[in-house]
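Per-entry structural report
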Amino acid sequence: MSESFLSETLPLIDVDVFLSNPLESEVVLEECRKAADALITYGALLLHDSRALEDDNAAFLDLLEDYFDQPDAELKKDERPDIMYQVGVTLENTEKPKCAADEPCLQIIARLDPAERPLDISGHHPDPKCRFFWKMGAPPPYETQYPALNAPNVVPQAPHINDKWEETLEKWGTVLKNAVENIAEMSAIGLGLPLETFKDAGKYGPHLLGPTASDLRKYGKKNTILAGFHTDLNCFTIHGRSRYPGLHIWARNTGKRIPVRFPPTGRYLLVQAGKQLEHLTGGLIKAGFHEVVVNEATVQTIGKRKITNPGRPCIRISSTFFWHLSSDYDLAPIQALAARARSLLSDSTVSGAVESYEPMKVGQQVQKYAHDHSNSDSTLM
Ligand SMILES: [Fe+2]
């Protein structure tokens, strides 16, 4: 990977190019290779998608701000602790940063230049963020070894939220799902695989729209950790533009903390690679480490929004969508990609050891991850 490819800005992939040209055209192949290279180098990419309307993102953010602005007693009605919070709301200080008690992860932090390290998670404090889980997967038409809990999605009761909840979540969630499935197709092509390789593997995945909320009135001080340093266990995670900056990612090759900057307007989304994609590619694509914190840009945005939007609650919403592989899918490295991963790692400019990725069912991987990390980000199984 040449140094010139590395930059402080994430590569921008245009899904429109993929959707509006013949699959075999050079312009499509070039965009697909760009997507695959971005995931290999950064574990993340920005994408442009004309279907991601700013009005739909704004409607989603407005509704979630109003939802999380409700009193705790109202939010508690939407908690489902008996089913491990797999649907409905998870209130603040419940989810713990997985890395804090994970030795290999702590070693990754220790190897970073001190100036590039994430904020210190060694206190093991739970993240001061709330979350809402809304299931968006289709149940498999076959008998599964990993039956998902059959709990229905939770629709909040307050009238000003209830009447538009399902429509708004489904609408924006579908935009994110369609975009991430196109990136699954594009990255497969870019890696030299058939288009449907990843998408089919996730056809019956337990996908989740899992927006998070951080109350910046309580947690708006600079250097507050909103979500501690971690990777996601699923295959791809996709986000819309948040109104407040604060997401930092680490590209595998640079060891640099990269503050994610969306273009200020326009139809853009952000995709990150998760552990299932790392496993499937034999480590050619690594799950991207990330954190969400209050940084200088967050503080400035809080100040600006107080003036421009004085009536709105100062709550940072992230419209996270977790795209999973199907639980019964046999997760094993694709040999050609694993070979590329080994040759990449033999290049001294690329950090990281060759890891082994044991074949297992996706369902086992999820259970193992959930067991190793008491509370995980992309599922609470
Ligand atoms: Fe995450």
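Criteria and thresholds
Residues numbered from 1 in each chain as written. Predicted model: local features only at pLDDT ≥ 70, side-chain atom pairs only at ≥ 80, totals over all residues. Helix = DSSP H or I, 4+ residues; strand = E, 2+ residues; numbered from the N terminus. Rg over C-alpha atoms; globule rule 2.2 N^0.38 Å. Buried ≥ 20, exposed ≤ 12 C-beta atoms within 10 Å, placed from the backbone. Contact = placed C-beta atoms within 7 Å. Pairing = 2+ DSSP bridges. Axes fitted to C-alpha atoms, helices over the stretch in contact; angles between N-to-C directions. Core = buried A, V, L, I, M, F, W, Y, C linked by C-beta atoms within 7 Å. Parallel < 35°, antiparallel > 145°, perpendicular 65-115°, else oblique. Left-handed = near helix turned anticlockwise from the far one by under 90°. Nonpolar A, V, L, I, M, F, W, Y, C, P; charged D, E, K, R; others polar. pLDDT = per-residue confidence, 0-100.

Focus: the overall build of the protein
Helix and strand content of the protein: 11 helices and 16 strands. Computed over its C-alpha atoms, the radius of gyration of the protein comes to 20 Å, within 12% of the 21 Å expected for a compact globule of 381 residues. Over its C-alpha atoms, taken along the principal directions, the protein stretches across nearly 55 × 50 × 45 Å. By residue count, 45% of the 381 residues in the protein fall in the buried class. Long-range pairs, those at least 24 residues apart, make up 83% of the contacts in the protein with a sequence separation of at least 6.

Structural notes on the pairing of strand β9 (residues 247-250)
Pairing analysis gives four bridges linking β9 to strand β12 (residues 289-293), with the strands arranged antiparallel. Considered in β12, the bridge of Leu247 is made with Val292. With three bridges joining them, β9 and strand β10 (residues 257-259) adopt antiparallel strand pairing. Counted as the bridge partner of Ile249 is Ile258 from β10.

Description of the sheet that holds β12
Read across the sheet, four strands follow the order β7-β12-β9-β10 without closing on themselves; strand pairing throughout is antiparallel. Only two strands of the sheet have a single partner each, and these edge strands are β7 (225-230) and β10. Ignoring strand direction, the axes of neighbouring strands in this sheet form an average angle of 20°. Examined bridge by bridge, β7 and β12 share three bridges and lie antiparallel to one another. Across the sheet, Ala227 pairs through a bridge with Val292, a residue of β12.

Notes on the environment of Ile13
Here Ile13 is to be found in strand β1 (residues 12-14). Separated by 23 residues in sequence, Ile13 and Ala36 place their C-alpha atoms 9.9 Å apart. Discounting residues that sit within four places of it in the chain, Ile13 has contacts with Glu31, Lys34, Ala35, Ala38, Leu45, Leu47 and Met186.

Section: the environment of Asp55
Locating Asp55 in the fold gives a position in helix α3 (residues 54-68). Classification of Asp55 by C-beta neighbours within 10 Å gives exposed; the count is 7. Placed 212 residues apart in sequence, Asp55 and Arg267 show a C-alpha to C-alpha distance of 9.9 Å.

Concerning unusual backbone geometry
Not every positive phi belongs to a glycine, and Met84 is a case in point at roughly 55°. You can call Met84 partly exposed: it has 14 C-beta atoms within 10 Å.

What about the pairing of strand β2 (residues 44-48)?
A large share of β2 lies buried, amounting to four of its five residues. Here β1 runs beside β2; their pairing, made up of three bridges, is parallel. If you follow Asp14 over to β2, its bridge partner there is His48. With five bridges connecting them, β2 and strand β11 (residues 268-273) associate as antiparallel partners. The partner of Ala44 across the bridge, within β11, is Gln272.

A look at the nonpolar core
Among the nonpolar cores identified, the biggest contains 90 residues, and Leu45, Ala179, Val180, Phe236, Ile238 and Val271 are the most heavily contacted of them. Leu45 has contacts with Leu10, Pro11, Ile13, Ala35, Ala38, Leu39 and Val271, leaving out every residue within four places of it along the chain.

As for the packing of α3 against helix α6 (residues 159-190)
Where α3 contacts α6, the two axes come as close as 9 Å, and the packing angle between them is 135°. Here α6 runs oblique to α3, going by the angle between their axes. When you trace α3 past α6, the crossing you get is left-handed. Residues Asp56, Asn57, Ala59, Phe60, Leu63, Asp66 and Tyr67 of α3 touch α6, and the partners they reach there are His160, Ile161, Lys164, Thr168, Lys171, Trp172 and Val175. Of the residues belonging to the contact of α3 with α6, the class tally is seven nonpolar, three polar and four charged.

Points about the environment of Leu23
Mapped onto the elements, Leu23 comes out in the loop between α1 (15-20) and α2 (26-42). Looking at Leu23, the number of C-beta atoms within 10 Å reads 11, which means it is exposed. Taking the C-alpha atoms as reference, Leu23 lies 22 Å from Leu176; in sequence the two are 153 residues apart.

With respect to the confidence of the model for the protein
With 92% of its residues at a pLDDT of 70 or more, the protein has an overall mean of 90. Every residue in residues 1-7 is under pLDDT 50, and counting partners more than four places away or in other chains gives six contacts.

Here we look at the packing of α2 against α6
The relative placement of two packed helices comes down to the angle between their axes together with the axis-to-axis distance. Running from amino to carboxyl end, α2 crosses α6 at an angle of 95°, the nearest separation of the two axes being 7 Å. Relative to α6, the element α2 lies roughly perpendicular. Here α2 contributes Leu29, Glu31, Cys32, Arg33, Ala35, Ala36 and Leu39 to the contact with α6, which in turn contributes Ile183, Met186, Ser187, Ile189 and Gly190. Counted by class, the contact of α2 with α6 contains eight nonpolar, two polar and two charged residues.

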